[in-house]
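So you can see what is in the structure, the chains are spelled out below.
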Amino acid sequence: NSSTTPRCGAIWAEGPGGSTPLAVVRRTVIANNAAYDWGGAAYLKSSNNSTAYMSFSDCVLTNNSSSSCGVFYIGGAASFTCDRCVIADNTGGTYGVVNSAAYYCQTFRNCLIRGNLGKTSGGVTYAANTSQVTFKFENCTVTGNRTTTGGVAAIGLSGCGNTSYPVWVKNCIVWGNTGADVQMAVDASKVSRTCYPEAVEGNENGNFAEDPLLAADFKLQYSSPCLDVAADLSSTAGTKDLVGTER
């Protein structure tokens, strides 16, 4: 699909917030869509001051594009969760995957985020010093993403988040992203049990900067230093990872 309006290439979910999600997307391939601006695949926005919610699970989002963000644009009082999804080979003029202008939290959990291009800011996402932008990355592998003219190669969220909705990166691998000197710029206190090049060895949060030894299918090789080092998270208890293994 292709859109010449500044919204999205595939899924446009805009409406009043409340207990009922605006959209629930499961076991779906969303591919080869393009938008003139904002989200190459999806646009989510609340039309009032109540939280509008959208979820994706067990989906593949690939080869979507826009002049702003390759996959998701989130605005207003909106929040989404992306669980057990593969987000790959999308292109945004600014952000490879997501741009959030919403106060509420956006969550990526048990996802493979690879090969996305954010040309001017971040291979996945980028923001700095704003309480309005807040993300959670849990149990995700983020690799092969890139930027071409600045920002960060993968995730840039320095100085972001707020008391109600903090930023955090937990149990993740952020490695092999290119195009900038920094692969991940997130306040160190908000990162735990995560493998990324900027990690300080021996820190109290259990982060480290060793090659994770990803195999060709992005699973961990048997000698990977990332095996069995993740912490148990209440948010993922009883769930399954991307390949169906119980947490």
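Look above for the structure.
Residues numbered from 1 in each chain as written. Predicted model: local features only at pLDDT ≥ 70, side-chain atom pairs only at ≥ 80, totals over all residues. Heavy atoms only, no water.

> Break down the packing of aromatic side chains for me, citing the residues and quoting the values.
We describe a pair of aromatic rings using the distance from one ring centre to the other and the angle between the two ring planes. All told, the structure shown has 12 aromatic pairs when counted by the stated rule. Pairing Phe 108 with Phe 137 gives two aromatic rings, centres 5.1 Å apart and planes at 10°, and the pair type is stacked. With a gap of 29 residues between them, Phe 108 in strand β15 (residues 106–109) and Phe 137 in strand β19 (residues 135–138) connect regions that are remote in the sequence. Judged by its relative accessible area of 0%, Phe 108 falls in the buried class. Judged by relative accessible area, Phe 137 falls into the buried class, the value being 1%. On the numbers, 6.0 Å between centres and 25° between planes, the contact of Phe 135 with Phe 137 is stacked. A network of ring pairs unites the aromatic residues Phe 56, Phe 72, Phe 80, Phe 108, Phe 135 and Phe 137 as a single cluster. (Phe/Tyr/Trp six-rings, centres within 6.5 Å; stacked < 30°, edge-to-face > 60°. Helix = DSSP H or I, 4+ residues; strand = E, 2+ residues; numbered from the N terminus. Buried < 20%, exposed > 50% of the residue type's maximum accessible area, 1.4 Å probe, protein only.)

> Give me the lowdown on the side chain of Lys 136, citing residues and values where you can.
Mapped onto the elements of the fold, Lys 136 is located in strand β19. Lacking a salt bridge, the buried Lys 136 has Glu 138 as its closest oppositely charged neighbour, with an N-O distance of 5.5 Å. Residues within four places of Lys 136 in sequence aside, it is in contact with Cys 105, Gln 106, Thr 107, Phe 108, Pro 166 and Trp 168. (Lys, Arg positive; Asp, Glu negative; His and termini not counted. Salt bridge = Lys/Arg side-chain N within 4 Å of Asp/Glu carboxyl O. Contact = heavy atoms within 4.5 Å.)

> So what's going on with the pattern of salt bridges? Which residues, and what values?
Between side chains of opposite charge, a pair can form when the charged atoms approach closely. If you walk through the whole model with that rule in mind, you get 5 salt bridges. Taking the shortest distance from any N to any O, the salt bridge between Arg 109 and Glu 138 comes out at 2.7 Å. One end of the pair, Arg 109, is in strand β15; the other, Glu 138, is in strand β19, with 29 residues separating them in the sequence. Take Arg 109 and Glu 138: they sit in the same class, and that class is buried. One salt-bridge network, held together by shared partners, links Asp 58, Asp 83 and Arg 84.

> Describe the pairing of strand β3 (residues 23–26), naming the residues involved and giving the relevant values.
Here β3 shows a clear split, with Ala 23 and Val 25 buried on one side and none of Val 24 and Arg 26 buried on the other. Relative to strand β7 (residues 52–57), β3 runs parallel, the two sharing 4 bridges. What sits directly across from Arg 26, in β7, is Ser 57. (Pairing = 2+ DSSP bridges.)

> Tell me about the nonpolar core, residues and numbers included.
Of all hydrophobic cores here, the largest spans 45 residues; its most connected members are Phe 56, Phe 72 and Phe 108. Contributing elements (two or more residues each) for this core: β3, β6 (42–46), β7, β10 (72–75), β11 (78–83) and β19. Ignoring any residue separated from it by four or fewer positions in sequence, one finds Phe 72 in contact with Gly 39, Ala 42, Phe 56, Leu 61, Phe 80, Cys 82, Ile 87, Val 97, Val 98, Asn 99 and Phe 108. (Core = buried A, V, L, I, M, F, W, Y, C linked by side-chain atoms within 4.5 Å.)

> Now, about the environment of Gly 92: what can you tell me, with residues and values included?
Within the fold, Gly 92 resides in strand β13 (residues 91–92). Residue Gly 92 is classed as buried on the basis of its relative accessible area of 0%. A C-alpha to C-alpha distance of 9.0 Å links Gly 92 and Asp 37, two positions 55 residues apart in sequence. Those residues in contact with Gly 92, other than ones at most four positions away along the chain, are Ser 66, Ser 68, Cys 69, Gly 70, Leu 117, Gly 118 and Lys 119.

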